[in-house]
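Structural description and commentary
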Amino acid sequence: MKTIFLLIFTFLFFQTFGLSIITTSSNVTCIASERQSLLIFKQTLKDKNNLLSTWHGVECCEWHGVLCDNQDGHVVKLDLRGQASLDKCLKGELSPSLQNLKHLRYLDVSMNDFSGSIPEFLGSFQCLEYLNLSGSFYPKAVPHHLGNLSRLQYLDLSNYIDGFIFPGPIMDDITWVSSLSSLRYLDLSGITIGSHIDWFHPIINMLPSLHTMKLAFTFISIPSIKFINFTSLYSLDLSMNGINSTIPISLANLTSLMHLNLNHNQFHGKIPDFNGMFSSLASIDLSFNSFNTLMPDVLCNLSSVVHLDLSRNMFTGPIPANIGLLLRLEDLYLQNNQLSGNIPVSLGQLSKLKNLDLSHNSLVGVLTETHLAKLNSLNSLVLSYNSLPLNFSNGWIAPFKLQAFLASSCNIGPYFPNWLQTQTNLQRLDLSNSSIKDTMPEWFENILSHILYLDLSNNQISGKLPRFHFHNSNDIEDGILKMNSNKFDGSLATFPSNVKILDLSDNLLSGHLPQADGTMNLSLQVVNLSNNRFIGTIPIHLCKVPSIILLDLSQNKFSGRLPGCIGNLTNLSVIDLTNNNMTGVVPSSLGCLKLLRSLHLHNNKFEGDIPSSLQNLTKLVTMELGNNLFTGTIPFWIGEKLSKLRILNLQSNKFTGKIPRQICQLNVLQLLSIAHNSITGTIPDCLGNLSGMMFTNSEDEFAHFYYMSDYEENILSYMKGRELHYTKIILYLVASLDLSSNNIVGEIPDALMNLVGLKSLNLSGNLLKGQIPMLIGDLGQLESLDLSMNNFSGRIPQSLTSLNFLSHLNLSFNNLSGTIPNGNQLQTLDDPSIYKGNNGLCGPPLLRSCNRNDVTDNHVGEDEGQDGTEGLWIYIGMGPGFVVGFMGLLGSLHFIRRWRVAYFETLGNIYGWIMLLFELNIARLRRKVFE
């Protein structure tokens, strides 16, 4: 609609103002001075696309982009517009030599790459009527000299073009615009004007002939004006400004308005009743705002409306019953609101409607043939994410030929709708999660001749996969094939052509993957074949598709070695081979995948050392190598080189040696598991510096994959006494440290109590000793704590009762003693097996009762640290007592002779008995030896 409007306007503009200058100049002689000026201008430019290749010879009026007046030969038009879809055509700067083109009426150098600011000499073209500099200059101030162009009717300085934002100039003063009294078209989109600049009065009050005004993405605000005398304006664009306001009632004075664009702001409140004021209004775009009222039925009185976009607001209530009055309507976009109720039957009267989008609402009721009866022109029908059953008779023939039908999460099943077989122009089809329990009908392949996007996922479709032949498309939303989460069986005959995203996961597919036949799809970016029954080796022809970003072959029966050529896939961000039968060593070429963020090799039979080349994977966030046969020590370079790691899982391998202290350098690490290995040594106290386990992480920090909806980050972690799967949806909430089932010795470092964000701590099955840290209660987020099967001694800290989220606790098979603390969350953990194998423990939930001393010992004070202080004073007191007692004994022996004689006689007798026993034993031993 917008493109059509611009074409019509441009046509009318030239018909009215520029027809005399756009004429053939084959019989016109070029003026030498102007030719020389153009050649000087050419010399200052870099023209890598050869736009100016025809600029040679004497007849400049025949050069590309140059037009001359058919009467006097003066250059009156210079059109050197570049192409937005390609690289900038011209680079350099606008040469001052262009000033010699004094008769120039039309100048378009847009979509190029000119350095510096907009040159001031452009204000000297007194005859100029058309000036387009859009997308060509870097952020510099707009010269006020442009205000001298008194004949200018068309001015485009925009830097926000077709959704792209180019670095644009800054306008610190807009008053010069008021001097352009002939101006009819003004586009300043993407130029920073700012809310502090008064743009309203210089434009609205001083430009009575203005037809089109575009101020998108300029950061302006709307002044409080009740009356606007601006009846000439028929196109107003104030989008992308973040304006926080109600729609001003003064807009009612713009009685000639045809095009109104207010999208991407914060407009709210009630939409004014403009009934009878906008007899020509054809396009209304209020999308991406904050309207939270009932959908206004007053808009249905604007009978001239062709394009109506109210999407992405918070409109509530039903769609107005009088929507059928908009008989000229071609585009109706109501998606992403909070609309409810039934779809009005009058919608079926809109015979000119081409595009209808009602998705992402709460609409109910049954959609029948009556709702679509007269929609003969319909091209796109989008109903996704509503509770809408579709009830069409088997013999119904649709009056339209759709190019797009999207009905995800609608109730379409259990069978494929028969009316679809007439829709042979379909390019985009989405029937995902639509309750289909059918096999693919024979006619289905007939409707795929133009297909670009197909999603049948999350149904119960069975049978064999059809052959797919997608058309080539450069659109990022095309080339998508999702058949995942169904019951398709059999083999995969070939990889579909022209497909970017291929998702066949969660089916019953089997056999070998197809081999290359010379037509391998070189546009593949996502390959997800997980959770099927594929066998054999990973085909090496996949290595010939360097565009692959995500490769998920997990949960199949692939075997053999990982091909060394996998290193050729240099764009890989995710590789997941979890739960297969892969063997051999990991190829060192894996270290060539410099963009890799997620590496999953869990539960295979990989062996040998972790290749040192993996230290090159500096963008790695997830490294999951658990349940394999890896040997050697844990590489120190993991901590030194892989600084972005958040998930490190090395459990259930054959690693030996100590935990490298370099692991402590992984500041964002939040899940570390080296359980079930043969790790020795002590727990490094620097693990207490892992800040990723100190704080709750943001969900955004895991939104680092290109195709978030096409890959489910899946981590296995032993937590709460069982193996759990954590997906990317909740993974950001989990902080876990698992060092269980190793040969780790020593005590638990007090520094570990700094990890206050931990959800799970598992140190079971080691040789740890000493007391459980008194500050264990500081781990306030802890949900699972397992210290079983160690040599811990002493009492259980009372602070354990402050762990309010604790749901799993295991302290069994240690040497703990004293009364078991009670209170708070700990009272709910009443399974006696938690404390099994600690013979010194007593009290509930154990049946062993405590004596008075045990009770007294356990209730000395709430602060366990106080008990240690009192024990220290006991030992301090015992020392002087021993010295005093010993000196008293020596003093008595010295001053009382009778005691002294008796003491030494006793010592002599004891010595005699000891020597006698010693000699008797020696004699017996000799007798036994010589016998």
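Everything quoted here is computed from the prediction, not taken from an experiment.

What counts, and at which threshold
- Along every chain, residues carry numbers that run from 1 in the direction the sequence is written.
- Side-chain atom pairs in this predicted model are given and counted only at pLDDT of 80 or more, local residue features only at pLDDT of at least 70, and totals for whole chains, interfaces and linings cover all residues.
- Heavy atoms from the whole structure form the basis of all side-chain values; hydrogens and water molecules are not counted.
- Aromatic rings from Phe, Tyr and Trp, taking only the six-membered ring of Trp, are treated as a pair when their centres fall within 6.5 Å; an angle between ring planes under 30 degrees marks them as stacked, one over 60 as edge-to-face, and anything in between as tilted.
- Each helix is a run of H or I in the DSSP string that is no shorter than four residues. Each strand is a run of E no shorter than two, and both are numbered from the N terminus.
- Between buried and exposed lies partly exposed: a residue is buried under 20% and exposed over 50% of the maximum accessible area for its type, with that area taken using a 1.4 Å probe on protein chains only.
- Two strands are counted as paired when DSSP detects at least two bridges linking them.
- Among buried residues, the Ala, Val, Leu, Ile, Met, Phe, Trp, Tyr and Cys ones that are joined through side-chain atoms within 4.5 Å form a nonpolar core.
- Here the expected length of a helix is defined as 1.5 Å per residue gap, with one fewer gap than residues.
- By definition, the arc is the one covered by directions from the helix axis to the C-beta atoms.
- Any two residues whose heavy atoms approach within 4.5 Å at even a single point are treated as in contact.
- In plain terms, two cysteine sulfur atoms within 2.5 Å form what is called a disulfide here.
- Whenever a carboxyl oxygen of Asp or Glu lies within 4 Å of a side-chain nitrogen of Lys or Arg, that contact is scored as a salt bridge.

1. A word on the packing of aromatic side chains
Counted according to the given criterion, the structure contains 20 aromatic pairs. With a centroid separation of 6.4 Å and 55° between ring planes, the pair formed by F41 and W55 is classed as tilted. Taken together, the positions of F41 in helix 2 (residues 32-43) and W55 in the loop between strand 1 (45-46) and strand 2 (66-68) put the pair 14 residues apart, joining distant regions of the chain. Exposure remark for F41: the relative accessible area of 0% places this residue in the buried category. Since its relative accessible area comes to 1%, W55 is described here as buried.

2. Here's the deal with the pairing of strand 38 (residues 605-608)
Two strands pair when backbone bridges link them, and strand 36 (residues 581-585) and strand 38 are joined in this way by three bridges, in the parallel orientation. Pairing of V585 across the sheet is with E607, part of strand 38. For strand 38 and strand 40 (residues 629-633), the ladder comprises two bridges, and the chain directions are parallel. Looking at strand 40, one finds that G608 is bridged to F630.

3. Brief notes about the nonpolar core
Core analysis: the biggest nonpolar cluster contains 232 residues, and F405 and L454 have the highest contact counts within it. Mapped onto this core, the elements with two or more residues apiece are helix 2, strand 2, strand 3 (75-79), helix 3 (200-205) and helix 4 (637-641). Take this core: its biggest share by element is three residues, from helix 3. Among the nonpolar cores identified, the runner-up in size contains six residues, and Y453, I480, V526 and V574 belong to it.

4. Observations concerning helix 2
For helix 2, spanning twelve residues, the distance from its first C-alpha to its last is 17 Å, which sits close to the expected 16 Å at 1.5 Å a residue. What helix 2 keeps buried is the set E34, R35, S37, L38 and F41. When helix 2 is viewed along its axis, its buried side chains cluster within an angular range of 160° and face the same direction. On the buried face of helix 2, the contacting elements are strand 1, strand 2 and strand 3.

5. Notes on unusual backbone geometry
Here the residue pair G413 and P414 is connected by a cis peptide bond, since its omega of 10° sits within 30 degrees of zero. Relative to the assigned elements, P414 resides in the loop between strand 23 (404-406) and strand 24 (428-430). The amide bond that connects P844 to the next residue, P845, takes the cis arrangement and shows omega of 10°. With respect to the helices and strands, P845 occurs in the loop between strand 55 (840-842) and helix 6 (852-858). Although it is not a glycine, H360 adopts a positive phi angle of roughly 55°. Tracing the backbone shows H360 in the loop between strand 20 (355-357) and strand 21 (362-364). Accessibility expressed as a relative area gives 36% for H360, which makes it partly exposed. In the Ramachandran plot, N498 falls in the positive-phi region, its phi being about 60° despite a non-glycine side chain.

6. Here we look at the state of the cysteines
Each disulfide is one covalent bond, formed between the sulfur atoms of two cysteines. Under the criterion given, the structure shown has five disulfides. Through a disulfide, C61 is tied to C68; the S-S separation comes to 2.0 Å. Here C61 and C68 share a disulfide; its torsion about the S-S bond, -95°, makes the bridge left-handed. Accessibility assignment for this pair places C61 and C68 in one class, buried. Two residues share a disulfide in this structure: C664 and C686, whose sulfurs sit 2.0 Å from each other. Between C664 and C686 the disulfide shows an S-S torsion of about 60°. By sign, it is right-handed.

7. A short note on the sheet that holds strand 17 (residues 316-317)
With parallel pairing, the three strands of this open sheet are ordered in space as 17-19-21. For this open sheet the edge positions go to strand 17 and strand 21, each flanked by a neighbour on one side alone. As judged from the three bridges shared by strand 19 (residues 338-342) and strand 21, these two strands associate in the parallel manner. Following the sheet pairing, S340 is matched in strand 21 by S362.

8. Some thoughts on the pairing of strand 52 (residues 791-794)
Side-chain alternation along strand 52 places F792 and G794 on a buried face and N791 and S793 on a face that remains uncovered. Relative to strand 52, strand 50 (residues 767-770) runs parallel, the two sharing two bridges. Note on strand 52: the bridge partner recorded for G770 is F792.

9. Section: the pattern of salt bridges
Counting across every chain of the model gives four salt bridges. Put simply, E330 and K354 hold a salt bridge, and the shortest N to O gap is 3.9 Å. Residue E330 is located in the loop between strand 17 and strand 18 (331-333), and its partner K354 is located in the loop between strand 19 and strand 20; the two are separated by 24 residues in the primary sequence.

10. Some words on the environment of R533
When you line up the elements, R533 lands in strand 32 (residues 533-536). Residue class for R533 comes out partly exposed when judged on its relative accessible area of 46%. Setting aside its immediate chain neighbours within four residues, R533 contacts L508, L509, S510, G511 and N556.

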